[in-house]
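# A look at the structure
The residues making up each chain are set out below.
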Amino acid sequence: IAANVSGIMVHPEGDQCMELVKKATEQGIPVITMVDDCNSNEQICFVGTSSYNLGRVYGEQLLALEGDKEKRVSILVADGENESRKKLIISGIRN
């Protein structure tokens, strides 16, 4: 914001996200959030992936590793990961 840029693309992290997005837009700087949304109505758009589709791609990659053999997989996710996002990814992997 202090650099007086023409626009900002940001992967928001932390509690200050909404405040900083609002501050930028109040100064006429358009903001696009990527990967994770910060639940602010101020940004002009959000660019991300479908968690379910991401899980589908993970599942396809797992299947490609061992062919037709039966598979048993452990899925590890970060503690801070959004619970509904985790469920969508796992659902995509299973399907």
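Residues numbered from 1 in each chain as written. Predicted model: local features only at pLDDT ≥ 70, side-chain atom pairs only at ≥ 80, totals over all residues. Heavy atoms only, no water.

Right, let's get into the sheet that holds strand 1 (residues 8–10). Here 3 strands make up an open sheet; going across it, the order is 1-2-3 and the pairing parallel. Of all the strands in the sheet, the pair left with one neighbour each is strand 1 and strand 3 (45–47). Looking at each pair of strands side by side, their axes are set apart by 25° on average, direction ignored. By the bridge criterion, 3 bridges tie strand 1 to strand 2 (residues 31–34) in an arrangement that is parallel. Within strand 2, the position partnered with Met9 by the bridge is Ile32. (Pairing = 2+ DSSP bridges. Helix = DSSP H or I, 4+ residues; strand = E, 2+ residues; numbered from the N terminus. Axes fitted to C-alpha atoms, helices over the stretch in contact; angles between N-to-C directions.)

Across a regular strand the side chains alternate sides, sitting on one face of the sheet and then on the other. This β-α-β element, strand 1 to helix 1 (residues 17–26) to strand 2, shows right-handed connectivity. Sheet topology places strand 2 next to strand 3; 3 bridges connect them, and they run parallel. For Ile32, the partnering residue across the bridge sits in strand 3 and is Cys45. (Right-handed = clockwise from strand over helix to strand, strands pointing away.)

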